[in-house]
Amino acid sequence: MVTDDILYHRYLGGDEDSLSALMERHGDKLTLYLDGCLHDLHESEDLMIEAFAYLIAKQPRIRDGGFRAYLYRSARHMALRLLSGKRAQLCFSLDALTEEPEARELVEEAMASPIGTPGLAALAAGKKRCTIIISDHTRPVPSRDILPPMLAQLRQGNPEIRVTLLVATGFHRLTTTAELEAKLGKEIAGSEKIVVHDAFDPESNVQIGVLPSGAPLVIDRTAVDTDLLIAEGFIEPHFFAGFSGGRKSILPGVCDKTTVLGNHCGAFIASPYARTGILEGNPLHRDMVAAAEMAKLAYIVNVVIDEEKKTVAAFAGDFRKAHEAGVAFLRQYCEVQAVPGDIVVTSNGGAPLDQNIYQSVKGLTAAEASAKEGAVLIMCAELADGTGGEGFY
């Protein structure tokens, strides 16, 4: 069968029949995909035609293997704009985005058009060493979707570059070998150089500056002794940092305990701006951004996941701009009007997010926001890893 990309290139060369073949191949599936978002078949059919019309008008140069991802992403953005105009964003569930395109394609599409930076291959050119900060065992980041395209682009730009994966454990316990294999897959876990950050080992960390708050910025030497520092991660609402992702790969991700405690202090967390979904004026966020700047974080790939922890959107490029784009995307799905209750049942989203009390307590902030005065809050959590956060007591 002739591939989508061949048909699209034929169309760019003037073959109208190839465009018709693409519409026949994808039209019905794209319409059903959009109907899952819009819940209106006629509007979905119209929007499907608009998505193809956009291709006809723009005729973008799409890299090999990226046609379907580009088509679905364009259609999804059109649907979002339509829903926004109707003031009906809450009708659009993240679940509706999981079927098409595949997660790896979303990451590759984002990396093909990075926000605010050159591509990763260009950044790798001339560099001897690269450190990729990756998430640890407490985060459901789909590293198997993200890391292969990152590694491929790095080595495309520089086949000789020496890559180290630095596990951002923050203030958590060290990630085990078994947990790394489960997260990364045996191939990457067994073939790439991996360093697990230890916030409690002074010898493995070094001070590189002072944060706006006055706290020392002490980070892992592996993040310092490199020519190119990049990171993967995911974006979700965070109960005092506003949103996860982006700059959090540095602080708290690869910082010494002194810096983490200075950032996660009572005075900062007590700020009215240190709340879920708030970045502007947030003192923790301010220091986190400064930490990423001082560490010279050059590029990120962050994803958004659904409740089944599947990748539904990806953002790549400058750690500020790509993160801002991801936050803007996510806000449409994670803000609702509170319905106060006398009894509120909550969780922290299941494994691995509820593996200990230290992580699970985050879910109580959502419950508190939906509770009447004197309400009962019930937290559901597995706590397979015990209490966690041993450094706090």
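Notes on the structure follow. (Residues numbered from 1 in each chain as written. Predicted model: local features only at pLDDT ≥ 70, side-chain atom pairs only at ≥ 80, totals over all residues. Heavy atoms only, no water.)

What about the pattern of salt bridges?
What counts is decided by this rule: The term salt bridge refers to a pairing of a side-chain nitrogen on Lys or Arg with a carboxyl oxygen on Asp or Glu at a separation within 4 Å. By definition, any uninterrupted DSSP run of H or I lasting at least four residues is a helix, any uninterrupted run of E lasting at least two residues is a strand, and each is numbered from the N terminus. Residue burial is assigned from relative accessible area. The probe radius is 1.4 Å, only protein chains are included, and a residue is buried under 20% of its type maximum, exposed over 50%, and partly exposed in between.
Counted according to the given criterion, the structure contains nine salt bridges. The shortest N-O distance in the salt bridge between Arg 25 and Asp 4 comes to 2.7 Å. Within this pair, whereas Arg 25 is found in helix H2 (residues 16–38), its partner Asp 4 is found in helix H1 (residues 4–12), the two being separated by 21 residues in sequence. Accessibility expressed as a relative area gives 26% for Arg 25, which makes it partly exposed.

Focus on the pairing of strand S1 (residues 129–135)
Applied cut-off: When the strands point away from the viewer, a crossover counts as right-handed if the route from the first strand across the helix to the second turns clockwise.
Within S1, six of the seven residues are buried, which leaves the element mostly enclosed by the surrounding structure. Read from S1 through helix H7 (residues 143–157) to strand S2 (residues 162–168), the crossover connection turns out right-handed.

Observations regarding the side chain of Asn 205
Selection criterion: Here a polar contact is recorded for every N or O atom pair within 3.5 Å, except that within protein the pair must consist of a potential hydrogen donor and a potential acceptor, and residues adjacent in sequence are included only if both atoms are side-chain atoms.
Mapped onto the fold, Asn 205 is located in strand S4 (residues 205–210). Of note is the side chain of Asn 205, whose polar atom sits 2.9 Å from the backbone oxygen of Asp 201.

Observations regarding the environment of Leu 284
Note on placement: Leu 284 falls in helix H13 (residues 283–295). Separated by 34 residues in the primary sequence, Leu 284 and Ile 250 place their C-alpha atoms 13 Å from one another.

Examining the sheet that holds strand S3 (residues 193–196)
Note the following rule: Between any two strands, pairing holds if DSSP finds at least two bridges. Axis definition: a line fit to C-alpha positions, over the contact stretch in the case of helices; interaxial angles, taken between N-to-C directions, run 0 to 180 degrees. Only heavy atoms matter for contacts: two residues are in contact if any of them lie within 4.5 Å across the pair.
Spatially, six strands are ordered S3-S2-S1-S6-S9-S10 in an open sheet, and the strand pairing comes out mixed. The sheet is open, and its two borders are formed by S3 and strand S10 (311–317), each paired with just one other strand. Within this sheet the neighbouring strands show an average axis-to-axis angle of 20°, counted without direction. The sheet contact formed by strand S6 (residues 228–234) and strand S9 (residues 297–305) spans six bridges and is parallel. Bridged to Gly 233 within S9 is Asn 302. Sitting on the sheet, H7 touches S1, S2, S6, S9 and S10, and the angle it makes with S6 is about 160°. Across the sheet, helix H8 (residues 177–184) is in contact with S1, S2 and S3; its angle to S3 comes to roughly 125°.

Here's the deal with unusual backbone geometry
A cis amide bond, omega 15°, links Leu 251 with the succeeding residue Pro 252. One non-glycine residue with positive phi stands out, namely Lys 296, at about 65°. For Lys 296, a relative accessible area of 66% translates into the label exposed.

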